[in-house]
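Commentary on secondary and tertiary structure
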Amino acid sequence: MSAVGQSRQSSAAWFGFLLTALVAGAAIPSQGRINSELAAEVDDPFLAALLSFGTGLLLMLVIAYLTPTGRRTLGQVRPALRRGEVRWWYLLAGCIGGYFVLSQSLTIGLIGVAVFTVAVVTGQTLGGLLWDRIGLGPAGRKRLNTVRVLGALLTVLAVLWTVSPQLGGRSGSWSWLLLVIFPLTAGFTNSAQQALNGRQSAAYGSPIPATLINFVAGTAVLLLAYLVKVLVSGVGETLPTAPWYYLGGPLGCVFIGLGAVLVTRVGVLLAAMGMIAGQLIGSLLLDLLVPAPGSVVTLSTVLGTLLTLAAVVIASLPDIRRTR
């Protein structure tokens, strides 16, 4: 292939990565909006989280067992475990997703969406740097050069700028700061979840089994948490009948499945940064098209979102140059 052809192919691959990351990331704020509305409707964040994971599990069961690719790749799980390509504890990655949803349900109402977003993104970025450095993802160890670190720092600053209109008047008490630890650790471990999902997807030849296993583990954790809650305070309200309340699970399938594919191709850090850009773009579109009470869209919101895209481009420059 000529140099021009290789350059075009690498550029197409990069745009494919960016588009996939944006779609995967945009699913997160949409899922969060639906789950928060569901939690308010049933007056029970534990039940809302369980319903979200439960509907995602049902969808993945259909995909895994009723499609040829799903049935074929499910048969690769046991051989991959026997060969040692997949360790048994990789299968527990979905528990991290359950923790992420619970941290969202339990803290957003107390610290606000803006602080939650900054904490999660900071955790995701730091996690991406660490997991790439130690080689947790399927791409192995990735050298943390100046460009990657600069792109990661720029991502955090861009998110902080984007949500700055919503940060005013927040308390600085110790109890408030302790609450921030939940989304921070949720973001940090979420990038590890993507790394482990990527390893599984590479071993199975498809993200379908890893996504299904994630929802099995996450649903089990949330079911346990819900049962404890029922024992303490009883059953909440009746379930809503509007079908859109149950779309959070399918959106989670999009995020987990596409995230696993991205990690196998570009590593944990770039996948996390690309999805962060998607989160901000998705949030911006939601605030413009279907604004929630108290949502704020200012010039800094738009410019900060664009800056995250610039950060992704900067961090991916070494990969683009190597493919040319």
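Once a new chain begins, its residue numbering starts again from 1 and follows that chain's sequence as written. Where totals are concerned, whole chains, interfaces and linings use all residues; where local detail is concerned, this predicted model gives features only for residues with pLDDT of at least 70, and gives and counts side-chain atom pairs only at 80 or more. Based on all heavy atoms of the structure, the side-chain values leave hydrogens and waters out of the count.

A run of H or I in DSSP counts as a helix once it spans at least four residues, and a run of E counts as a strand once it spans at least two, with each numbered from the N terminus. Per the secondary structure count, the protein includes twelve helices and zero strands. Counting from the amino terminus, the protein carries its helices and strands in the arrangement α-α-α-α-α-α-α-α-α-α-α-α. Contacts were defined at the residue level, with two residues in contact if any of their heavy atoms lie within 4.5 Å. Restricting the contact set of the protein to residue pairs at least 6 apart, pairs at least 24 apart contribute 85%.

Following both chains from N to C, one finds helix α7 (residues 146-162) and helix α11 (residues 268-289) inclined at 20°, their axes separated by 11 Å at the closest point. Between α7 and α11, the angle is such that the two are roughly parallel. You can see that α7 and α11 cross each other, and the crossing is left-handed. For the pair α7 and α11, the contacting residues are R148, G151, A152, T155, V159 and T162 in the first and L269, L270, M273, I276 and L280 in the second. Across the contact of α7 with α11, the residue classes break down as seven nonpolar, three polar and one charged. To obtain each axis, a line is fitted to C-alpha atoms, and for helices this fit is confined to the stretch in contact; angles are then taken between N-to-C directions over 0 to 180 degrees. With respect to orientation, any angle under 35 degrees is reported as roughly parallel, any angle over 145 as roughly antiparallel, any angle of 65 to 115 as roughly perpendicular, and every other angle as oblique. Crossings are assigned a handedness: left-handed for a near helix turned anticlockwise from the far helix by less than a right angle, right-handed for a clockwise turn. Gly is placed with the polar residues, together with every amino acid not listed as nonpolar (Ala, Val, Leu, Ile, Met, Phe, Trp, Tyr, Cys and Pro) or charged (Asp, Glu, Lys and Arg).

On to the nonpolar core, then. For our purposes a nonpolar core is just a set of buried Ala, Val, Leu, Ile, Met, Phe, Trp, Tyr and Cys residues, chained together by side-chain atoms within 4.5 Å. Only protein chains enter the calculation, and the probe is 1.4 Å; a residue is then buried if its accessible area is under 20% of its type maximum, exposed if over 50%, and partly exposed in between. Residues F17, Y204 and F215 are the most contacted members of the largest nonpolar core, which totals 61 residues. Tallying contributions element by element places helix α1 (residues 3-42) first for this core, with ten residues. Excluding residues within four positions of it along the chain, F215 makes contact with F53, G56, L57, M60, G249, G252, C253 and I256. If you look at the next biggest cluster of nonpolar residues, it comprises eight residues, including F100, I111, V180 and A186.

Given a helix with a known number of residues, its expected span is that number minus one, times 1.5 Å. Spanning 26 residues, helix α9 (residues 208-233) covers 37 Å between terminal C-alpha atoms, matching the ideal 38 Å at 1.5 Å per step. The first or second residue beyond α9 is G234, which carries a positive phi of 85°.

Further remarks concern α11. Look at α11: 31 Å from first C-alpha to last across 22 residues, which is about the 32 Å you get at 1.5 Å a residue. When you tally the buried positions in α11, you get 17 out of 22 residues, the bulk of the element.

Further remarks concern the packing of helix α2 (residues 45-66) against α9. Packed helices, taken two at a time, are described by the angle between their axes plus the distance between the axes. Running from N to C, α2 and α9 point in directions that differ by 150°, and their axes come no closer than 8 Å. With respect to α9, the element α2 is oriented roughly antiparallel. Note on packing geometry: the crossing formed by α2 with α9 is left-handed. Partitioned by chemical class, the residues of the contact of α2 with α9 number 19 nonpolar, six polar and one charged.

Moving on to the packing of aromatic side chains. Between the rings of Phe, Tyr and Trp (Trp by its six-membered ring), a pair exists once the centres lie within 6.5 Å; its type follows the angle of the planes, with under 30 degrees stacked, over 60 edge-to-face, and the other angles tilted. As enumerated under the stated definition, the model contains four aromatic pairs in all. Geometrically, the ring pair formed by F53 and F215 is tilted, given 5.3 Å between the ring centres and 50° between the ring planes. Taken together, the residues span a long stretch of sequence, with F53 in helix α2 and F215 in helix α9 at a distance of 162 residues. Overall, F53 belongs to the buried group, its relative accessible area being 5%. Given a relative accessible area of 2%, F215 falls into the buried group. When the centroid spacing of 5.1 Å and the interplanar angle of 50° are considered together, the rings of W131 and F188 count as tilted.

Attention now moves to the environment of R71. Within the fold, R71 resides in helix α3 (residues 68-74). For R71, a relative accessible area of 47% corresponds to the partly exposed category. Through-space distance from the C-alpha of R71 to that of P209 is 9.0 Å; in sequence the pair is 138 residues apart. With near-sequence residues (within four places) excluded, R71 lies in contact with A64, Y65 and L66.

Function cannot be inferred from these measures alone, as they are strictly geometric.
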